[in-house]
Amino acid sequence: MTLAIEKALTGIEGFDEITAGGLPRGRPTLVCGSAGCGKTLFASTFLVNGAREGEPGVFVTFEERPRDIVDNVASLGFDLGGLVEEGRIHIEHIAIDPSELAEVGDYDLEALFMRLELAVEEIGARRIVLDTIESLFSAFQNPAILRAEIRRLFDWLKEKGLTAVITGERGDGTLTRQGLEEYVSDCVILLDHRVHNQVSTRRLRIVKYRGTAHGTNEYPFLIGEDGFSVLPVSSLGLAHKVFDERITSGVPDLDRMLSGGGFHRASSVLVSGVAGSGKSSIAMCFAAAACRAGERALYFSFEESAEQTVRNMRSIGLDVAPMIASGLLRCVAARPTFYSLEMHLAIMLREIARFQPSLVVLDPLSAFLDSGESLEVQAMLLRVVDYLKSKGVTGIFTHLTHDQTIARTDAGLSSLMDAWLLLLNREVNGEFNRQLYLLKARGMAHSNQVREFVMSSEGIRLIEPYLGENGAVTGSARRYEEARVRKDEVERRAAVEALQERVEQRRRKAEAQIAALQFEVAAEEAELNRLVETEAEYRRQSARDADGLAAGRHSFRHTEQAG
């Protein structure tokens, strides 16, 4: 059964991750590269972090004086002088003058080994740095002697059980000028400092690592005031946690366009649109909403300074200055042309790891298109997206588009996103009006309506769609259409009311006419009844007169008979 090789942590952020534990313990490691690529700083970081963790070390310099070494690593925040005073690090300066050396057949490095052994025993060193190997072997021209002495040096380091870092200048077509050290080193690390389009990039590659698996890609690394750090892009992937929790966008009308309200936590949201369409404003609404919930938000701006961003947000009633002062919101502004894509990626991931935000904004991604090819930009974005998802962080990405007729991004970024908001400026009747489209929202039902996008001192509102005769209308056209509809409605209501009045008048007139006719009929009926009664009375009177006349005649006749 093969035992796993024992490793010593370097304390270099990211490097221990891609090597699964650091450098091979008790074995030599060669760190090579051109001048100024960071070899000495890498070795110093390895030595200082070891001393802090209880592994004293010896720094052997063949060129720079101890004072210079202390001053140089102070730029990384290391108090090397204090560690020397505490006896945890010993700096051994060995000045070699090639003119004083003579190369003979039996020449060896016994004197060097004696000095190294004394230094190691003095502090009980477990780590050692030799900077640089060219200075040690600069006087030797015989390859056989050179090879033999290098092997002796490496074997001596192994016998002492020292975890060693040996720096070397890169040769012409070889890893080092001698072209021999890589064959006797257990681990070979190549540092590269290249310049492309006037932009410098530092990259690290593990050329060889005996006895263990390791990352084989090129990794961007940083040398800054916080030390030496490597971006372990190989650790990124699709293994990340999925959240059902929703977060607000800071725009209530936008949240209502999503079933359940808001976006999923750790989503990647793309906000694309033409210039002046409101991309940065929506992105800052996301960040401000996170801060109001007591969470931290990190805002990367690649076109505006932090002060300018704060001022601009006040125009929509959003004051983020108190959020920055409280430490919940952090704005990092940098021009894309200041660094390479890899360097920007490393800086962003380092800032995210340190600030530990719940939401990150990159505004805008399109600013990087001039710094590299679209595929490189897409690869960088993919790494950022994967990193944010692995940390459960929500990502808001803005992107400037130049063509309103095609719903796509220049670098093909939309396919990487969980949600996509498209903002457009529509020209109608001589004015621009903003519109918002929710093109995509993975894992949730969402509105397919076009919303008018309105920014004012009271914030952002998404107005319900208004459909005119020729489709959705916005801005002045909408107000004109609404006024026209209101006017038509008033006219219709007036026409109805006028008709109702005419009908009512005719009804009242008809009722009056009916009443008059009824009165006439009643009068005529009364006259008729009077006439009928008069006629009846006449008949009755005639009957009485006839009876009286008849009775008179009878009496007269009776009188004549009596006479």
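Residues numbered from 1 in each chain as written. Predicted model: local features only at pLDDT ≥ 70, side-chain atom pairs only at ≥ 80, totals over all residues. Heavy atoms only, no water.

Caption draft 1: Here's a closer look at the pattern of salt bridges. Scanning all chains against the criterion turns up 32 salt bridges. Glu 489 is the partner of Arg 493 in a salt bridge, and the nearest nitrogen-oxygen pair spans 3.1 Å. Taken together, the positions of Arg 493 and Glu 489, both in helix α14 (residues 475-562) and four residues apart, correspond to about one turn of that helix. A residue is classified by how much of its surface remains accessible, and Arg 493, at 53% relative accessible area, is exposed. Using a relative accessible area of 29% as the deciding quantity, one classes Glu 489 as partly exposed. (Salt bridge = Lys/Arg side-chain N within 4 Å of Asp/Glu carboxyl O. Helix = DSSP H or I, 4+ residues; strand = E, 2+ residues; numbered from the N terminus. Buried < 20%, exposed > 50% of the residue type's maximum accessible area, 1.4 Å probe, protein only.)

Caption draft 2: Inspection of helix α10 (residues 306-314) at higher detail. For α10, the set of buried residues is Thr 309, Val 310 and Met 313. For α10, the buried positions fall inside an angular range of 100 degrees around the axis, keeping them on one side. α10 presents Glu 307 and Arg 311 as exposed residues on the side facing more than 90 degrees away from its buried surface. (Arc of directions from axis to C-beta.)

Caption draft 3: Focus on the nonpolar core. Judged by nonpolar contacts, the single largest core of 40 residues is most densely connected at Ile 282, Leu 329 and Leu 359. Among the elements that make up this core, the one with the highest residue count is helix α9 (residues 279-292) (nine residues). In this structure, Ile 282 is in contact with Ser 249, Val 271, Leu 421, Leu 423, Leu 436, Phe 453 and Ile 460, ignoring residues within four places of it in sequence. Residues Val 31, Leu 41, Phe 59 and Leu 204 belong to the second largest nonpolar core, which totals 35 residues. (Core = buried A, V, L, I, M, F, W, Y, C linked by side-chain atoms within 4.5 Å. Contact = heavy atoms within 4.5 Å.)

Caption draft 4: How the structure looks around α9. End to end, α9 covers 20 Å across 14 residues, agreeing with the expected 20 Å (1.5 Å per residue, within 8%). For α9, a buried count of twelve out of 14 residues is recorded, marking the element as mostly surrounded by other parts of the structure. Within the sequence span of α9, burial applies to Lys 279, Ser 281, Ile 282, Ala 283, Met 284, Cys 285, Phe 286, Ala 287, Ala 288, Ala 289, Ala 290 and Cys 291. Two residues or fewer past α9, Gly 294 is found with a positive phi of approximately 85 degrees. (Expected span 1.5 Å × (residues − 1).)

Caption draft 5: Local environment of the packing of aromatic side chains. Considering all chains together, one arrives at three aromatic pairs under this definition. On the numbers, 5.6 Å between centres and 50 degrees between planes, the contact of Phe 263 with Phe 286 is tilted. Highlighted residues: Phe 263 in strand β13 (residues 263-264) and Phe 286 in helix α9, separated in sequence by 23 residues. Accessibility assignment for this pair places Phe 263 and Phe 286 in one class, buried. (Phe/Tyr/Trp six-rings, centres within 6.5 Å; stacked < 30°, edge-to-face > 60°.)

Caption draft 6: How the structure looks around unusual backbone geometry. Asp 363 connects to Pro 364 through a cis peptide bond whose omega is -15 degrees. The residue Pro 364 is located in the loop between β17 (359-363) and α13 (374-390) in this model. Of note, Ala 20 is a non-glycine position whose phi angle comes to about 55 degrees, a positive value. Inspection of the secondary structure puts Ala 20 in the loop between α1 (15-18) and β2 (23-24).

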